[in-house]
Amino acid sequence: MLTVESRPLTAAGHLEIGGCDAVALAAEYGTPLYVLDEGRIRERCRTWRQAFESRYPSVDVEYAGKAFLCLAMARLVDEEGLNLDVASAGELYTALQAGFPPARLVLHGNNKSRLELEMAVGAGVGRIVVDNLAELDLLAGVAATLPAAGRPPQEVLIRVIPGVDPHTHRRIRTGQVDTKFGLSLTSGAALDAVRQAVGTPGLLFTGIHGHVGSNLHDATAHLQALEAMLDFAVAIRDETGLNVEELNLGGGLGVPYLPGESVLPVDRFAAALTEALVEGLAVRHLPQPRLLLEPGRAIVAEAGVTLYTVGAIKDVPVPEAPGTRRYVAVDGGMSDNPRPQLYDAVYTAFLANRAGETPDTEVRIAGKHCETDVLIGSVAVPDPRPGDLLAVPVTGAYTYAMASNYNRLPRPAVVFARDGAARLVVRRETLEDLIRNDA
Ligand code: PLP
């Protein structure tokens, strides 16, 4: 299986992904190309469910669609029995068009529009995670007609600010006190929201939600958030007499992007969280809520590899030793993977068509955009030549999902590879697509 540490090879010495030859995939579908190992995504879904379900009686694992979503992915998530977290009308629409059961959808967002709320309530979305008091008012109006229509009330969770500052890039922290997401525990706003939700016809308050940040390498921040949220559950019980029936700890577990990087395996993450939860409930004399988790990156990142064709190569004199830097330009860049520009994300790379050769040349991988879109600052590859196929692993999450048309580059295709067979799940955009909406 392809990981940052290991790369399976075909007999021809090419990278193999999902049993398919990467060179053949590039020839068939073109580059840049996102290839996702479908078996690996399914394995991650099962591992996450098993890790939590074997340790705690009542769990829902909800895949965070923001990491990567298309019709095929929504169907895969459904088949694997995970719920799906959607955070916009577009993600919700994709899920519904894929036939995802609405009752297993969760709607997120810090600025949901009336349209999004109407769409979600109308479709019968299982849970809505309320981010702020204005949204609660808006939702109360939208859900007010449910009882008269003979429909059950809309389940809501209140998103709280856990007040935890996790160790990750500042742009992917969300749980700290100073954040746009959720309601403050310390100011009393979160408790106000619970009171308001409980007293609103058409709404059913079921629990609380907290997400501390993304790409976290251990469980420290989640455990701190858990304690804060359990204390809040006590405050809710004291104030309203209600028990928190659902406790959503968000997503955030990271993945290794570079060889040698160590990230807590999901099994140990699950053990840490469920043990702390059971103990924390016992000391506070709280009944067991349903535990909800929302992994995105940890489900899909490692399954993905992006294939690029190498183009211009140049040696540029630089002041630092050894005096020249070799720039290797590929046929994509920040439009298919903005993460290096957004938050200094790091990647490794290798040549998919010469995957067995010794990486003896230090190069900088650059994109083709009118920006300094360096994909990888420095990586060793076998002396590269124009036409080589560069593979960047661990690019399944927040790449296609964040892709743009900068410089009017068409977005690449996405292929699922499994057991030696590939299927196109997102077509490559065409030049005509680029002007389709121009008036
Ligand atoms: N849940 C919420 C509310 C989020 O904001 C995010 C990501 O930002 C996730 C889940 C998924 O996070 P990750 O991909 O780090 O698991």
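No experiment lies behind these values; they were computed from the predicted model shown.

Scanning all chains against the criterion turns up seven aromatic pairs. Ring geometry for W48 versus F52: centroids 5.7 Å apart, planes at 20 degrees, classification stacked. Here the residue W48 and the residue F52 both occupy positions in helix α2 (residues 38-53), the gap between them amounting to four residues, near one helical turn. You'll find W48 and F52 in the same group, each marked buried. Joined through ring pairs, the aromatic side chains of Y34, F68, Y400 and F416 make up one cluster.

Two elements, strand β3 (residues 33-37) and strand β13 (residues 304-317), share four bridges in a ladder whose sense is antiparallel. Bridge pairing in β13 places L36 opposite G304. Of the pairings in the sheet, the one linking β13 to strand β18 (residues 389-393) comprises five bridges and is antiparallel in character. For T309, the partnering residue across the bridge sits in β18 and is L389. Judged from the six bridges that link them, β13 and strand β14 (residues 324-330) form a sheet pairing that is antiparallel. Across the sheet, residue K314 finds its bridge partner in β14, namely Y327.

With that settled, consider empty space enclosed by the protein. Under the counting rule described, the total for this entry stands at two cavities of 30 Å³ or more. Taken as a whole, the largest cavity encloses approximately 50 Å³ of empty space. Lining of the largest cavity is provided by L230, A233, L242, N243, V244, L247, L281, L286, P287 and P289. A breakdown of the residues in the lining of the largest cavity according to their chemical character gives nine nonpolar, one polar and no charged. Considering only enclosed or pocket space, the second largest cavity measures out at about 30 Å³ in volume. Forming the walls of the second largest cavity are W48, H222, L249, G250, G251, G252, L253, F269, L273 and L293.

Take the environment of G250 next. For G250, the position within the fold is in the loop between β11 (246-248) and α9 (266-284). Measuring from C-alpha to C-alpha, the distance between G250 and H209 comes to 6.8 Å, with 41 residues separating the pair along the chain. Beyond its immediate chain neighbours, meaning those up to four positions away, G250 contacts H209, G210, H211, L292, L293 and E294.

Turning to the layout of surface pockets, a few remarks are in order. As a volume, the largest pocket reaches approximately 950 Å³. In terms of residue class, the lining of the largest pocket is built from 15 nonpolar, twelve polar and 13 charged. Domain assignment of the residues forming the lining of the largest pocket places at least three in each of domain 1 (16-37 + 301-435) and domain 2 (108-295). In this structure, the second largest pocket encloses a volume near 210 Å³. Around the second largest pocket, the lining is made up of 13 residues, and of these G124, V125, G126, P153 and E155 lie nearest the centre. Counted by class, the lining of the second largest pocket contains seven nonpolar, three polar and three charged residues.

Take the site of the ligand next. Close to the ligand lie 16 residues; S214, G252, E294, R297 and Y398 are nearest. A distance of 2.9 Å separates an oxygen atom of the ligand from a polar backbone atom of G296. Y398 is positioned such that a nitrogen or oxygen atom in its side chain is 2.6 Å from an oxygen atom of the ligand. If the ligand stood free it would expose 390 Å²; the protein chains cover 92% of that surface. Cavity membership is defined here by more than half of the atoms lying within 2 Å of grid points; on that basis the ligand lies in the largest pocket. Residues belonging to the shell around the ligand are distributed by class as follows: three nonpolar, eight polar and five charged.

This part is about the side chain of R284. Assignment of secondary structure puts R284 in helix α9. Note on R284: relative accessible area 13%, which makes it buried. What R284 contacts, discounting residues up to four positions off in sequence, is E227, L230, D231, V234 and R237.

Before going further, it helps to examine the packing of helix α6 (residues 133-143) against helix α7 (residues 189-198). Their axes nearest at 10 Å, the elements α6 and α7 cross at an angle of 10 degrees. Relative to α7, the element α6 is oriented roughly parallel. Residues L133, L136 and D137 of α6 lie in contact with α7, whose contacting residues are A189, D192, A193, Q196 and A197. Its residues assigned to classes, the contact of α6 with α7 shows five nonpolar, one polar and two charged.

A few words on the domain arrangement of the protein chain. Many authors give the size of an interface as the accessible area that is lost as the parts come together. Here the protein chain is partitioned into domain 1 (16-37 + 301-435) and domain 2 (108-295). The gap between the C-alpha centroids of domain 1 and domain 2 is 36 Å. Contact residues are listed per partner, giving eleven residues for domain 1 and eight residues for domain 2. For the pairing of domain 1 and domain 2, the buried interface totals around 920 Å² over both sides, and the portion due to carbon and sulfur atoms is 63%. When the buried area of domain 1 at its contact with domain 2 is split by residue, Y343, V346 and V394 rank highest and sum to 42% of it. Our count for the contact surface shared by domain 1 and domain 2 stands at zero salt bridges. In this assembly, domain 1 and domain 2 are joined by zero residue pairs in polar contact (both at pLDDT 80 or more). Across the side of domain 1 that touches domain 2, the residue classes break down as six nonpolar, two polar and three charged.

As a further point, take helix α8 (residues 220-240). A rise of 1.5 Å per residue sets the reference length of α8, with its 21 residues, at 30 Å; its end C-alpha atoms lie 30 Å apart and thus fit the reference within 8%. Along α8, the residues classified as buried are A221, H222, A225, L226, A228, M229, L230, F232, A233, V234 and I236. Where α8 is buried, its residues touch β8 (154-161), α7, β10 (203-209), β11 and α9. Positive phi appears at G241, one or two residues downstream of α8, with a value of about 80 degrees.

Scoring rules and cut-offs
- Residues numbered from 1 in each chain as written.
- Predicted model: local features only at pLDDT ≥ 70, side-chain atom pairs only at ≥ 80, totals over all residues.
- Heavy atoms only, no water.
- Phe/Tyr/Trp six-rings, centres within 6.5 Å; stacked < 30°, edge-to-face > 60°.
- Helix = DSSP H or I, 4+ residues; strand = E, 2+ residues; numbered from the N terminus.
- Buried < 20%, exposed > 50% of the residue type's maximum accessible area, 1.4 Å probe, protein only.
- Pairing = 2+ DSSP bridges.
- 1 Å grid on protein atoms, 1.4 Å probe; cavity = no way out; pocket = protein on both sides within 12 Å on 5 of 7 lines; lining within 4 Å.
- Points joined across faces, edges and corners; volume = space filled by probe spheres on them.
- Nonpolar A, V, L, I, M, F, W, Y, C, P; charged D, E, K, R; others polar.
- Contact = heavy atoms within 4.5 Å.
- Domains from an automatic or database assignment.
- Near = heavy atom within 4 Å.
- Polar contact = N/O pair within 3.5 Å; in protein donor to acceptor, adjacent residues only side chain to side chain.
- Areas by Shrake-Rupley, 256 points an atom, 1.4 Å probe, with all protein chains shown as cover.
- Sits in = over half its atoms within 2 Å of the grid points.
- Axes fitted to C-alpha atoms, helices over the stretch in contact; angles between N-to-C directions.
- Parallel < 35°, antiparallel > 145°, perpendicular 65-115°, else oblique.
- Buried area = accessible area lost by both parts, 1.4 Å probe.
- Salt bridge = Lys/Arg side-chain N within 4 Å of Asp/Glu carboxyl O.
- Expected span 1.5 Å × (residues − 1).

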